[in-house]
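Geometric and topological summary
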2 protein chains.
Amino acid sequence: MDFWPRFNQQFLRYTDLGISLDVSKMGFPEGYLKSKAADCQRAADYMRELEAGEEKNVDEGRMVGHYWLRDVSRAPERDAGGQPVRSYIDDCREAIASFAEEIHGEGKFTHVLLIGIGGSALGPQLVADALGQPDDKMRVAFLDNTDPDGFERVLGQLPLASTLTLVISKSGGTKETANGMKTAQAAYAAQGLSFAGHAVAVTGVDSALDRVARGEEGDDEGRAWLRRFAMTNWVGGRTSVTSVVGLLPMALQGLDFRAFLDGAKAMDARTRGADPAENAAMMMALMWHHAGGGTGKRDMVILPYKDRLALMAKYLQQLIMESLGKARDLDGTAVEQGIAVYGNKGSTDQHAYVQQLRDGVDNFFATFIEVRENFGNGRRGESESGDYLQGFLRGTRRALADKGRPSMTLSLARIDAYTLGALIALYERAVGIYAVLVNINAYDQPGVEAGKKAAEAFICFLHQCRKRLEDASGEKVRAVDVHAGIEDYVSAKGDSQSPTIEDVYHALVHMAHNDAGVIQEWGSFPEEDTFAYQG
Amino acid sequence: MDFWPRFNQQFLRYTDLGISLDVSKMGFPEGYLKSKAADCQRAADYMRELEAGEEKNVDEGRMVGHYWLRDVSRAPERDAGGQPVRSYIDDCREAIASFAEEIHGEGKFTHVLLIGIGGSALGPQLVADALGQPDDKMRVAFLDNTDPDGFERVLGQLPLASTLTLVISKSGGTKETANGMKTAQAAYAAQGLSFAGHAVAVTGVDSALDRVARGEEGDDEGRAWLRRFAMTNWVGGRTSVTSVVGLLPMALQGLDFRAFLDGAKAMDARTRGADPAENAAMMMALMWHHAGGGTGKRDMVILPYKDRLALMAKYLQQLIMESLGKARDLDGTAVEQGIAVYGNKGSTDQHAYVQQLRDGVDNFFATFIEVRENFGNGRRGESESGDYLQGFLRGTRRALADKGRPSMTLSLARIDAYTLGALIALYERAVGIYAVLVNINAYDQPGVEAGKKAAEAFICFLHQCRKRLEDASGEKVRAVDVHAGIEDYVSAKGDSQSPTIEDVYHALVHMAHNDAGVIQEWGSFPEEDTFAYQG
């Protein structure tokens, strides 16, 4: 069968951006795009209102301003709270550039340690890996969890005296980041180094972290950190890579953050219209909708054939799943929306799970991401390895199509700051548009609170359990005894937070594996296990 | 509601292995396990036959022997081809240990470069990351793709003079590995170093790679490599981490590969019975079956709350999806089986996609992997960060359960070679059992061939296109012209491999981005684009 006419028709390309999108293997029917014209217009209108400053994050009563970061001329003068927007963006860019210049000029710092999680880490991780070069001005490492062993592993490999630490948290209340900061602080102190003298805060004005960084609170009281950068409430974490969150580490690493912004701006300019034949973000959103029936019936498999984009799928997991994975639509109707995203890189994944993609469960659509140039840094050159990389992508795309498994292909001329900015902007816009198509708020994340609260509750009664076990002064107790012993505490809690015997059991097992002197004796079942402080 | 009795009942633990499995939040009905008793018996019988040496990889006519690697006493004397099995396993272990000792003793080599893909890389990558310590005897790096830029990035960071390179490929015909080898060879040569003097082959006896390593073929003709290790055809790539593929890099890194084998052996011993109440692999396989209705209706989300297990989900993607993602069952019936697997690590992923897991599409079940000890290397100690890590796991598990989203929890006392071996053996066995439950061959991978063949075809006609463009000596040609020009080549190919105009177009665009002097001029559509060598 000759797909050439169809390919010509369904190959959308931005030659000046070096990006094209081929949807000819998505298997949508003739007339499909036309049938969606009204939806497309609605989505384009919605996005125009959003960019004009309407409070589209309705649940949190916030504007959605990440597009302004790339084109200040389209931003409102002031945000909903009356704070300046345009001058904030301009000043922030200047401050980033001059701070990076200053740090590079001093020559004191060789490494950056970024402490952040979720939106405060995933973008910077993607950018650092995709664009990093051996001659970067600084190397970037990350603390992005609350794993004490993981903290040690990273900190142990850093020359702290010459490491500049960025702590990134909008509220300053994110526990993983706070724990990472405390651990880093202790590591600096253990080497006789002042943390404040090596630290930069990226946070909301007057947040808990901001106060610490001003030297008003915390371990370094009285000593202000090297610098503070302000985050705003109109940029969400998962779209913050073109804000100070992404730009500051980029600038420190020595990457061209202005080119990154220019790429995003150029893509934004191409993706505002209602016609999917000219708007790649609209086309992608429609394809996602068509593939999954608008209810996420198919997973999105991301297959970039380039080592430098190995973190792309992880980045998109957050951008797409946290934005689209919602329980209710904008009318309050229960919907259970979302699209599951996974993938690593090609052709490597062909040796992992492409077997299932071709032969197995038919529950996905693939997105191939192709990078045309074999080498980075604009160097041109033939490469047999590169010929094969291209061959494997084309071969796998064909093998999936032969089995009727849908795929689309994004082609990038190369990986550089400009193209990466454009690629990210393309996905941001596609997510925004898809959310309009399925009528949800893409900008809040109400579902993550429950887990955090339950975790806080766990920490509280863990302390209760520690105390109760101490009170038992060496006597062996069971989970059920300790649970009874903290009965007042339990009954004071609301139903949803009240610790169960099982929770208490796990708290005790946790202690038995970590707290000095706590011994667990195993029974046949958990209810028979005993715990005690050994004298 | 009080889940304590249910938890007690549904908490399967191997206290001596430090591993337990909690399925109390999987939401299976009372009586479910009993109703599956006959299936469980069938699965246990099948696995017993498999371990006894029956050719269970029926499509490839091979035995499935990875369990023998951990317990030589259960292996047959000889394989189907009459080659010794027991002495192979014993000799191989000894050879690995003595080779590592020799290399460490010499002190010449500080780094290992492993060149392999799929099963020849994913296990070693998981192990190196999970068990690596700052004082390891050698550091391990990987080439696991055919990306020329990716190759340069890794090779540029290695001190080649003191880098020992392992090339791992059973057939020696895997193109990514062959390309990685050629690129490494060129990098050694560029520094005036003999590749053969730094290289070790892990491959099938008399494979193409084996002949190169014997010095009979290839660039280093006449010079044998440092060492060759034999792979056998009764160990598949995705279950090869307890074979020489996993053990050799472990030993070189200075890790305790015998403890790793012991852990796997101990788990094997616990997971042979038919009773899911005592066999954690049987229980897991039943839970997968229950969650996905035996047709993979739910994705498997892997959430290890430990940085060191961040590659676990990627490892399991191969093990599970390549094993289970099959088009036909053992009776030849079309089934489209499999289970999609994804995940990274907790609590980090809570800030990425747990929003969707809790609120969004109800198309998954989660597996929490918990590591009880805060620190590695057997060091005991309280840690607020560790308390939170435990709290986040418990909190998220509860938050999912509150919404009726199924999850199971695997608890490990710690991450060490023994426990990691046991964990991998647990999953290997669960995959084997699940395959029996759904009546498929878990040990072949017929679906990956199509993509490889299509890729080979692409490379062949890419050469044709290069030639045709040269023949045009500077004249501008379109894809359709070049396609017509290679008509003889096209018609000589079978239908499924015959290059389309679109294939030719992409070959030409690939050349325009990489080959010296090839220029693309853009028309309105791909069919109008012209390509030419610039004089």
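All figures in this text were calculated on a predicted structure; none of them were measured in a lab. (Residues numbered from 1 in each chain as written. Chains lettered and ligands numbered in written order. Predicted model: local features only at pLDDT ≥ 70, side-chain atom pairs only at ≥ 80, totals over all residues. Heavy atoms only, no water.)

1. Here we look at the relation of the copies chain B and chain A
Two chain copies, one operation linking them: a rotation about an axis together with a shift along it. Filter applied, for reference: A least-squares superposition brings the copies together, and it is based on the C-alpha atoms of residues with pLDDT no lower than 70 in both. Only heavy atoms enter the contact rule, under which two residues are in contact if any of them lie within 4.5 Å.
Once chain B has been moved 0.0 Å along the axis and rotated by 180 degrees, it coincides with chain A to within an RMSD of 0.0 Å. Both chain copies can therefore be described as sitting about a two-fold axis. Taking C-alpha positions as reference, the residue of chain B nearest the rotation axis is B:Tyr342, located at 3.0 Å. Comparing contact sets, 100% of the residues at the interface of chain B also lie at the interface in chain A, consistent with an isologous, same-surface contact.

2. Comments concerning the packing of aromatic side chains
Any two aromatic rings considered together are summarised by their centre-to-centre distance and by the angle between their planes. Formally: Two aromatic rings, drawn from Phe, Tyr or Trp (for Trp, its six-membered ring), form a pair once their centres lie within 6.5 Å of each other, and the interplanar angle then sorts them: stacked below 30 degrees, edge-to-face above 60, tilted otherwise. By definition, any uninterrupted DSSP run of H or I lasting at least four residues is a helix, any uninterrupted run of E lasting at least two residues is a strand, and each is numbered from the N terminus. Whether a residue is buried, partly exposed or exposed follows from its accessible area with a 1.4 Å probe, protein chains only, as a fraction of its type maximum: under 20%, in between, or over 50%, in that order. To sit over a ring, a charge needs its Lys NZ or Arg CZ within 6 Å of the ring centre and within 35 degrees of the ring normal.
If you walk through the whole model with that rule in mind, you get 37 aromatic pairs over all chains. Ring centres of A:Phe458 and A:Phe461 lie 5.2 Å apart, and the angle between their planes is 70 degrees; on these two criteria the pair is classed as edge-to-face. Remark: A:Phe461 and A:Phe458 occur in helix H16 (residues 448–471); sequence separation between them is three residues, near one turn of the helix. Here the two residues A:Phe458 and A:Phe461 agree in accessibility, since each one is buried. An angle of 55 degrees between the planes, with centres 6.1 Å apart, marks the rings of B:Trp288 and B:Tyr434 as tilted. With B:Trp288 in helix H11 (residues 280–292) and B:Tyr434 in helix H15 (residues 417–437), this residue pair connects regions lying 146 residues apart in the sequence. Just as B:Trp288 is buried, B:Tyr434 falls in that class too. A network of ring pairs unites the aromatic residues A:Trp4, A:Phe7, A:Phe11, B:Tyr505 and B:Phe531 as a single cluster. Positioned above the aromatic ring of B:Tyr46, the side-chain terminus of B:Lys56 is 4.2 Å from the ring centre.

3. Here we look at the sheet that holds strand E11 (residues 407–412) of chain A
Residues and elements named next belong to chain A. Keep this limit in mind: Strands are treated as partners if at least two bridges between them are detected by DSSP. Interaxial angle, 0 to 180 degrees, is taken between N-to-C directions of lines fitted to C-alpha atoms, where a helix line uses only the stretch in contact.
One open sheet holds the six strands; their spatial order is E1-E2-E11-E10-E8-E9, and the pairing between them is mixed. Every other strand in the sheet has two partners, leaving strand E1 (11–14) and strand E9 (341–342) as the edge strands with one partner each. Pairing geometry for strand E8 (residues 299–304) and E9, over two bridges, is parallel. The residue bridging Val301 from the neighbouring strand is Tyr342, located in E9. Those strands touched by helix H14 (residues 384–402) are strand E2 (19–22), strand E10 (364–371) and E11, and its axis lies near 160 degrees from that of E10.

4. Things to note about the interface of chain B and chain A
Defined as follows: Buried area: the accessible area, evaluated with a 1.4 Å probe, that two parts lose upon being put together, summed over both parts. The term salt bridge refers to a side-chain nitrogen of Lys or Arg lying within 4 Å of a carboxyl oxygen of Asp or Glu. Any pair of N or O atoms that falls within 3.5 Å is considered a polar contact. Within protein, one atom must be able to donate a hydrogen and the other to accept it, and sequence-neighbouring residues count only if both atoms are side-chain atoms. Note on residue classes: Ala, Val, Leu, Ile, Met, Phe, Trp, Tyr, Cys and Pro are nonpolar, Asp, Glu, Lys and Arg are charged, and everything else, Gly too, is polar.
Taken together, the contacts link 142 residues of chain B with 142 residues of chain A. Summed over both sides, the interface between chain B and chain A buries roughly 12100 Å², with carbon and sulfur atoms accounting for 51% of that surface. Counting the surface chain B buries against chain A, the share from its top three residues, B:Trp4, B:His351 and B:Gln355, is 6%. On inspection of chain B and its partner chain A, the count reaches 24 salt bridges. Put simply, A:Glu382 and B:Arg466 hold a salt bridge, and the shortest N to O gap is 3.6 Å. Linking chain B with chain A are 84 residue pairs in polar contact (both at pLDDT 80 or more), by the criterion used here. The element that contributes the greatest number of residues to the side of chain B that touches chain A is helix H14 (residues 384–402) of chain B, accounting for 15 residues. In terms of residue class, the side of chain B that touches chain A is made up of 43 nonpolar, 53 polar and 46 charged.

5. Points about the pattern of salt bridges
Residue and element names in this part refer to chain A. Per the counting criterion, the structure on display carries 94 salt bridges over all chains. The closest approach of N and O atoms between Arg70 and Asp268, which form a salt bridge, is 2.9 Å. A residue pair is termed long-range when its members are at least 10 positions apart, and Arg70 in the loop between helix H3 (37–51) and helix H4 (86–106) and Asp268 in helix H10 (residues 257–270) qualify at 198 residues. Grouping residues by exposure puts Arg70 and Asp268 together as buried.

6. Details of helix H6 (residues 148–155) of chain A
Each full turn of the α-helix corresponds to 3.6 residues, which orients residues three or four apart in the same direction. Within H6(A), the full set of buried residues consists of A:Pro148, A:Asp149, A:Gly150, A:Phe151 and A:Leu155. Close packing links the buried residues of H6(A) with strand E3 (111–115), strand E4 (139–143) and helix H7 (175–190) of chain A together with H14 of chain B. Measuring from the backbone nitrogen of A:Asp149 back to the side-chain oxygen at the start of H6(A) gives 3.1 Å, which picks out A:Asp147 as the cap.

7. Remarks on the pairing of E3(A)
Residue and element names in this part refer to chain A. Definition in use: When the strands point away from the viewer and the path from the first strand over the helix to the second turns clockwise, the crossover is right-handed.
The element E3 is largely enclosed, with a buried count of five among its five residues. Of the two faces of E3, the one carrying His111, Leu113 and Ile115 and the one carrying Val112 and Leu114 are both buried. Pairing of E3 with E4, which is carried by five bridges, proceeds in the parallel orientation. Note that in E4 the partner of Leu113 across the bridge is Ala141. Crossover handedness for the path E3 to helix H5 (residues 122–131) to E4: right-handed.

8. With respect to the environment of B:Ile415
Residues and elements named next belong to chain B. Among the structural elements, Ile415 can be located in the loop between strand E11 (407–412) and H15. Through-space distance from the C-alpha of Ile415 to that of Gly325 is 29 Å; in sequence the pair is 90 residues apart. In this structure, Ile415 is in contact with Ala130, Leu131, Lys306, Arg308, Leu309 and Val371, ignoring residues within four places of it in sequence.

9. So, the domain arrangement of chain A
Residue and element names in this part refer to chain A. To be explicit about the condition: Segmentation of the chain into domains, including their bounds, is taken from an automatic or database domain assignment.
Domain annotation of chain A identifies domain 1 (4–54 + 271–438), domain 2 (66–255) and domain 3 (446–533). Here the C-alpha centre of domain 2 lies 30 Å away from the C-alpha centre of domain 1. Contacts between the two partners involve 26 residues from domain 1, matched on the other side by 21 residues from domain 2. Interface area, domain 1 with domain 2, both sides summed: about 2200 Å², of which 57% is carbon and sulfur. Remark: the boundary between domain 1 and domain 2 carries two salt bridges. Taking the shortest distance from any N to any O, the salt bridge between Arg238 and Glu322 comes out at 3.1 Å. Counting every contact that joins domain 1 to domain 2 gives seven residue pairs in polar contact (both at pLDDT 80 or more). Ranked by residue count, the leading element in the side of domain 1 that touches domain 2 is helix H12 (residues 312–324), at seven residues. Classifying every residue of the side of domain 1 that touches domain 2 by side-chain character gives twelve nonpolar, four polar and ten charged.

10. Details of the packing of H5(A) against helix H15 (residues 417–437) of chain A
Residues and elements named next belong to chain A. As a reminder of what qualifies: Less than a right angle of anticlockwise turn of the near helix away from the far helix marks a crossing as left-handed, whereas a clockwise turn marks it as right-handed.
Packing of H5 against H15 brings their axes to within 11 Å, and their N-to-C directions diverge by 145 degrees. Considering only the axes of H5 and H15, their crossing is right-handed. Contact with H5, carried on its side by Leu126, Val127, Ala130 and Leu131, involves Ala417, Leu420 and Ile424 of H15 and no other residues of that element. Residues belonging to the contact of H5 with H15 are distributed by class as follows: seven nonpolar, no polar and no charged.

11. Brief notes about the side chain of B:Asn514
Position of B:Asn514 among the secondary structure elements: in helix H19 (residues 501–514). Judged by relative accessible area, which is 1%, B:Asn514 ranks as buried. In this structure the side chain of B:Asn514 is engaged in a polar contact, spanning 2.7 Å, whose partner is the backbone nitrogen of A:Asn374. In this view, B:Asn514 contacts A:Arg372, A:Glu373, A:Asn374, A:Arg380, A:Gly381 and A:Glu382; residues no more than four positions away in its chain are not counted.

12. A few points about the nonpolar core
One broad rule of soluble globular proteins: the nonpolar side chains tend to lie buried together. Applied cut-off: In plain words, nonpolar cores are sets of buried Ala, Val, Leu, Ile, Met, Phe, Trp, Tyr and Cys residues tied together by side-chain atoms within 4.5 Å.
Membership of the largest hydrophobic core comes to 270 residues, with the highest contact counts inside it found for A:Trp288, A:Tyr427, B:Trp288 and B:Tyr427. Once you skip the residues sitting within four places of it in the chain, B:Trp288 turns out to touch B:Met300, B:Ile320, B:Ile339, B:Phe365, B:Met408, B:Tyr427, B:Ala430, B:Val431 and B:Tyr434. Core analysis: the second largest hydrophobic core is formed by 26 residues, B:Leu462, B:Ala472, B:Ala479 and B:Val518 among them.

13. A short note on H11(B)
Residues and elements named next belong to chain B. Note the following rule: Each helix should span, by expectation, one fewer than its residue count multiplied by 1.5 Å.
If you check H11, its first and last C-alpha atoms are 18 Å apart, about what 13 residues at 1.5 Å a residue would give, namely 18 Å. Of all the residues in H11, the buried ones are Ala280, Ala281, Met282, Met283, Met284, Ala285, Leu286, Met287, Trp288, His289, Ala291 and Gly292. Near the N-terminus of H11, the side chain that reaches the backbone nitrogen of Ala281, with its oxygen 2.9 Å away, is that of Asn279. Downstream of H11 by a residue or two, Gly293 has a phi angle that is positive, lying close to 65 degrees.

14. So, unusual backbone geometry
Residue and element names in this part refer to chain A. Cis geometry marks the peptide bond from Gly346 to Ser347, where omega comes out at 0 degrees. You can see Ser347 is positioned in the loop between E9 and helix H13 (354–359). Here Asp206, not a glycine, exhibits a phi torsion of approximately 70 degrees, which is positive. Tracing the backbone shows Asp206 in the loop between strand E6 (199–204) and helix H8 (208–213).

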